[in-house]
Amino acid sequence: MAEIASLLTDDEKAQAVAELRGLLGDRLTTSLPIREAHGRDESWHPVVPPDAVAFATSTEEVSKIVRICARHRFPIIAFGTGTSLEGHISAPHGGLSLDLSRMNRILEVNAADLDVHLEAGVTRKTLNAWLRDKGLFFPIDPGADASLGGMAATRASGTNAVRYGTMRENVLNLTAVMADGSVVHTARRARKSAAGYDLTRLLVGSEGTLGIITELTLKLYGIPEAIASGVVSFPNFEGAIDAVIETIQSGLPVARIEFLDEVQVEACNRYSKLSLPVTPLLLVEFHGSEASVAEQAERFGAIAAGHGGGAFEWAVKAEERTRLWEARHNSLYAALALQPGKKGLISDVCVPISRLAEAIAGTKEDLRTSPLIAPIVGHVGDGNFHLIMLVDPDNAAEVAEAQRIHDRMVMRALSLDGTCTGEHGIGEGKVKFLEAEHGEGIAVMRAIKQALDPLNILNPGKLLPA
């Protein structure tokens, strides 16, 4: 695979930037603060700024930008909102950060077919605010107000995934600009198709390494008649996880079921001004009719009680539910507030749900003898949990300890037939685990990358091992 992108001279980079400026004018900048902002995500990885930042306004313009970059073998890193967690948007080979945030139009809503066509820069909160009066919503919620193009590129999920699936299940069609500047529409609006290779699924989760997503058609859902959320605390994490396993195995259609360990609960109490018992807990939500929600809640209450769960604290009013879920979505910021000034080395793994307790127990044991503070949270209804280790990036001993625990957590997940990442993606942070997980499949991935991006200009250095 070509690595010429990393060997460009300063003069060659300047030629590429000059031609891009001729196309974009003042929407092309080399300002250091803007470049640094586009080389930084919400992870602990070092900031690696690009050589320039471009602000695109249409698919046609993205195509022209890519053609220029291809001529100069100038790397391109697509940028949405900068909320990724594995160094996806850093520029280790320099190049262009292609900011799609100005491509933020909602183009068409087909209420009868429950789908929406929009540009990649629309964020999930903007979309749901726009849909609310139509009685519709888009359920994928990774926490941050991420762009929907970025969510597709990283195959995002979130708290609703146990009922509604991930971006993989909710993207019907993509418009993407390929490495040669050509524009591809991966499908139509039909809910299923057996026509040719599934290009949509190929690009969903490709992290900007195969094509740049500029437009999407997404599935929508009707806002449920009734929604009820609740919190139940447990004396230990084993009881909470066993309750999750029985809930899923029994077929109870829970919409959300989130785990917070006692460290994360304490952080959320302080940060979000809550008064939850400082023990492991489950935060659950049910969607449906008034009768079905009541029945689901009763069944879950019995399951939780059977595993040592305490009394429910129900939040039926919208403002009460919002407060609980905002606290959950702010868990990263709550964790960081436990030790101001430190960064969060954040990782996630996903295992078959029957192995979830074993995976968390192993990580808990590693933390028991570690000096690091590290809350655990998780979308445990699908076997996915997250570890937030608080470290000083300038303290080599702390970084080494965090990486030791991180690597043990990932390898344990793989030994349990799980994955090194359930939703954060690979970026540059988990490249070293991909071969252990996929084996000979890496050769197939490399062949796809070589075929679609022979010059290696699309987000080079990410996802695939060198």
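Scroll up to find the structure this text is about.
For every chain, the first residue of the written sequence is number 1, and numbering continues from 1 onward in sequence order. In view of the model being predicted, local features appear only for residues whose pLDDT reaches at least 70, and side-chain atom pairs are presented and counted only at 80 or more, with totals across whole chains, interfaces and linings using the full set of residues. With hydrogens and water excluded, all non-hydrogen atoms of the structure serve as input to the side-chain values.

Attention now goes to the nonpolar core. Remark: nonpolar core denotes a set of buried residues (Ala, Val, Leu, Ile, Met, Phe, Trp, Tyr, Cys) joined through side-chain atoms within 4.5 Å. Exposure categories follow from relative accessible area, calculated using a 1.4 Å probe and restricted to protein chains: below 20% of the type maximum is buried, above 50% is exposed, and the middle band is partly exposed. In terms of nonpolar packing, the biggest core is built from 54 residues, with Ile241, Phe259, Leu282 and Phe300 touching the most fellow members. In this structure leucine 282 touches Gly230, Val231, Val232, Phe234, Ala240, Ala243, Val244, Ile257, Glu258, Phe259, Phe300 and Val380, once residues within four positions along its chain are discounted. Of all hydrophobic cores here, the second largest spans 53 residues; its members include Val66, Val122, Leu203 and Ile213. Contacts are assigned to residue pairs that have any heavy atoms within 4.5 Å of one another.

The next point concerns the sheet that holds strand S18 (residues 384-391). Strand pairing is defined by DSSP finding a minimum of two bridges between the two strands. Only DSSP runs of H or I covering at least 4 residues are called helices, and only runs of E covering at least 2 are called strands; the numbering of each starts at the N terminus. Strand order in the open sheet made by the seven strands is S15-S12-S14-S13-S17-S18-S16, with antiparallel pairing throughout. Each edge of the open sheet is held by one strand with a lone partner, namely strand S15 (313-315) and strand S16 (343-350). The mean angle between the axes of side-by-side strands here comes to 20°, regardless of whether they run parallel or antiparallel. Note on geometry: axes are lines fitted to C-alpha atoms, helical ones only across the stretch in contact, with angles between N-to-C directions running from 0 to 180 degrees. The strands touched by helix H14 (residues 356-368) within the sheet are strand S13 (256-260), strand S17 (376-379) and S18, with S18 carrying the most contacts at an inclination of about 10°.

What follows concerns the packing of helix H9 (residues 237-249) against helix H11 (residues 290-306). As a packed pair, H9 and H11 sit with axes 9 Å apart at the nearest point and diverge in direction by 140°. Judged on the interaxial angle alone, H11 and H9 are oblique. Seen along the crossing, H9 lies across H11 with a hand that is right-handed. Residue-level inspection shows Ala243, Glu246 and Thr247 of H9 in contact with H11, the latter providing Phe300, Ile303 and Ala304. Throughout this entry, Asp, Glu, Lys and Arg are counted as charged residues, while Ala, Val, Leu, Ile, Met, Phe, Trp, Tyr, Cys and Pro are counted as nonpolar. The remaining residues, Gly among them, count as polar. When grouped by side-chain class, the residues that make up the contact of H9 with H11 number four nonpolar, one polar and one charged. Under this scheme an angle from 65 to 115 degrees is roughly perpendicular, one under 35 degrees roughly parallel, and one over 145 degrees roughly antiparallel; angles in between are oblique. When the near helix sits turned anticlockwise from the far one by under a right angle, the crossing is termed left-handed; a clockwise turn instead gives a right-handed crossing.

With that out of the way, let us pick up the pairing of S13. Most of S13 is tucked away: five of the five residues are buried. Because side chains alternate across S13, one face comprises the buried residues Arg256, Glu258 and Leu260, and the other comprises Ile257 and Phe259, equally buried. Pairing between S13 and strand S14 (residues 281-288): five bridges, direction antiparallel. Paired with arginine 256 across the bridge in S14 is glutamate 285. As paired elements, S13 and S17 share two bridges and run antiparallel to each other. When the sheet's bridge partners are listed, phenylalanine 259 is paired in S17 with glycine 378.

This part covers helix H3 (residues 59-72). Here the expected length of a helix is defined as 1.5 Å per residue gap, with one fewer gap than residues. In this model, H3 (14 residues) spans 20 Å end to end at C-alpha, consistent with the 20 Å of a helix rising 1.5 Å per residue. Counting buried residues in H3 gives 10 out of 14 residues, a clear majority hidden from the surface. What H3 keeps buried is the set Thr59, Glu61, Val62, Ser63, Ile65, Val66, Ile68, Cys69, Ala70 and His72. Looking at the residues trailing H3, positive phi occurs at arginine 73, about 55°.

This paragraph deals with the packing of helix H16 (residues 431-438) against helix H17 (residues 441-452). Viewed as axis vectors pointing N to C, H16 and H17 meet at an angle of 120°, and their least axial separation amounts to 7 Å. Between H16 and H17, the crossing angle belongs to the class labelled oblique. Mapping the contact onto sequence places Leu434, Glu435 and His438 in H16 and Gly441, Ile442 and Met445 in H17.

On to the environment of arginine 355. Within the element layout of this structure, arginine 355 appears in the loop between S16 and H14. Taking the C-alpha atoms as reference, arginine 355 lies 36 Å from glutamine 450; in sequence the two are 95 residues apart.

Two orientations exist for strands paired in a sheet by backbone hydrogen bonds: parallel and antiparallel. Strand order in this open sheet of four strands is S1-S2-S4-S3, and the pairing throughout is mixed. Strands at the two margins of the open sheet, each flanked by one partner only, are strand S1 (28-29) and strand S3 (76-79). For S1 and strand S2 (residues 52-55), the ladder comprises two bridges, and the chain directions are antiparallel. Across the sheet, leucine 28 pairs through a bridge with alanine 54, a residue of S2. The strands that H3 touches are S2, S3 and strand S4 (96-99); relative to S4, the one it contacts most, it runs at about 175°.

Attention shifts here to H11. Over its 17 residues, H11 extends 25 Å from the first C-alpha to the last, a length consistent with the 24 Å expected when each residue adds 1.5 Å. Val293, Gln296, Ala297, Phe300, Gly301, Ile303 and Ala304 are the residues of H11 that are buried. All buried residues of H11 project into a common sector of 165° when viewed along the axis, lining one side. Of the residues in H11, the exposed ones pointing more than 90 degrees away from the buried face are Ala291, Glu298, Ala302 and Gly306. Where H11 is buried, its residues touch strand S12 (226-233), H9, S13, S14 and S15. Phi for glycine 308, located one or two positions after H11, is positive at around 90°. Taken from the helix axis, the directions to the C-beta atoms give the arc we talk about.

Here we come to the packing of aromatic side chains. We describe a pair of aromatic rings using the distance from one ring centre to the other and the angle between the two ring planes. Pairs were defined over the aromatic rings of Phe, Tyr and Trp, the Trp ring being its six-membered one, requiring ring centres within 6.5 Å. Orientation was assigned from the angle between planes: stacked under 30 degrees, edge-to-face over 60, tilted for the rest. For the coordinates displayed, the defined rule picks out seven aromatic pairs. For the ring pair phenylalanine 300 and phenylalanine 312, a centre distance of 5.5 Å and an interplane angle of 50° mean the geometry is tilted. With phenylalanine 300 in helix H11 and phenylalanine 312 in the loop between H11 and S15, the pair connects residues that are 12 residues apart, well separated along the chain. The class for phenylalanine 312 is partly exposed, based on a relative accessible area of 22%. Ring geometry for phenylalanine 312 versus tryptophan 314: centroids 4.7 Å apart, planes at 25°, classification stacked. Aromatic ring contacts, followed pair by pair, group Phe286, Phe300, Phe312 and Trp314 into a single cluster.

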